Amino acid sequence: MPVLDKTIVRVSIVATAATVGVVSLVAAAISLRLTLKHRKLHAAAAAMDKETAEAARKGKNSTVHLLIVPRWRFAPSVSPPCTKLETFLRLAKIPYEAHVVSSTKVSPTGCLPCIIHNGKRMAESNVIIDYITAQFRVKLDKHLTEEQRALGTAVGSMLEYGDRFAYYRTITGEGAKLLIPHVARALRVPQLIARIIVYRMRARLTRSAQLAGIDTSTEESEQEYLQDIKTIEHIIGEKSFLLGDEPTSYDCAVYAAFLPIVHMDVAEKVSKPFAYIKHSKVLTSYVDRMTEATFPDLTKLLEGQ
């Protein structure tokens, strides 16, 4: 081998080794930072366990500690279930403290939102809402008829199905490209990391949809979601809220689903249903009324997100 070629090979080997070394150091630094952050989070959660358990022993309802996925510029949380639960707590005037967390390991189910209250940890927004309603004797829905309750439940189920499509379209194709910068900003991570997170979300959503026998990628799914939106729009109609002139617990899921889309400046580019929501006077006015009722401080809350 000529001397020049040998020199080039040596330089390449050294450069490769240096690159690998730098990457390893960066990976190690990130891993260490995450480990320290998780330890700090677990310590904080343990302190909340102790504090709330002590309040319970004294016969008091402790402050509800709400653990949520990070906030972002479009809504109080990247996760609609987290926004839904925080909306409920505000609507029901429950004393709470929100804690934005970067790990789901503090949750008993590995999912957020999660609350710590009276020495207990609890997850799943619907389960928590039922618990809070009983524990604090919430009367938001007391005036509703059985028919209205059934309608509210049906709308909630409709949104759970529709959210699969909404998430899928948001994190695939053009939607993913538009979303990644916002995820990076919300999570305070580089766009490369945000891209990985979005793609993992897409993979998980695709798997769960397949297990449920749902194809969220078809034109038919888009039309079904659009029809669901129009149905909810029709139900609201000229009323101030979903079921009447006063908001109820059923409004929390509707608000959480539509709020980020109404505020999303690129909604029209994501999908037809998103564009429809963005331009619906009924739905945008509804979101404004719910914001006034539950998050009058929304602009300040989301500053810098």
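Residues numbered from 1 in each chain as written. Predicted model: local features only at pLDDT ≥ 70, side-chain atom pairs only at ≥ 80, totals over all residues. Heavy atoms only, no water.

Right, let's get into the environment of Asp-251. Here Asp-251 is to be found in helix α8 (residues 249-263). Between the C-alpha atoms of Asp-251 and Tyr-286, which are 35 residues apart in sequence, the distance is 9.8 Å. In this structure Asp-251 touches Phe-241, Leu-242, Glu-246, Tyr-286 and Met-290, once residues within four positions along its chain are discounted. (Helix = DSSP H or I, 4+ residues; strand = E, 2+ residues; numbered from the N terminus. Contact = heavy atoms within 4.5 Å.)

With that settled, consider the packing of helix α7 (residues 219-236) against helix α10 (residues 272-279). Describing two packed helices takes the angle between their axes plus the distance from one axis to the other. One way to put it is that α7 packs onto α10 with a least axis distance of 9 Å and a crossing angle of 20°. With respect to each other, α7 and α10 are oriented roughly parallel. As α7 runs across α10, the sense of the crossing is right-handed. Where α7 approaches α10, its residues Glu-219, Glu-222, Tyr-225, Leu-226, Ile-229, Lys-230 and Glu-233 are matched on the opposing element by Lys-272, Pro-273, Phe-274, Tyr-276 and Ile-277. A per-class count over the contact of α7 with α10 returns seven nonpolar, no polar and five charged. (Axes fitted to C-alpha atoms, helices over the stretch in contact; angles between N-to-C directions. Parallel < 35°, antiparallel > 145°, perpendicular 65-115°, else oblique. Left-handed = near helix turned anticlockwise from the far one by under 90°. Nonpolar A, V, L, I, M, F, W, Y, C, P; charged D, E, K, R; others polar.)

The end-to-end C-alpha separation of α7 is 26 Å, in line with the 26 Å expected for 18 residues at 1.5 Å each. Looking only at α7, the buried set comprises Ser-221, Glu-222, Tyr-225, Leu-226, Asp-228, Ile-229, Ile-232, Glu-233, Ile-235 and Ile-236. Looking one or two residues past α7, Gly-237 carries a phi angle of roughly 50°, positive in sign. (Expected span 1.5 Å × (residues − 1). Buried < 20%, exposed > 50% of the residue type's maximum accessible area, 1.4 Å probe, protein only.)

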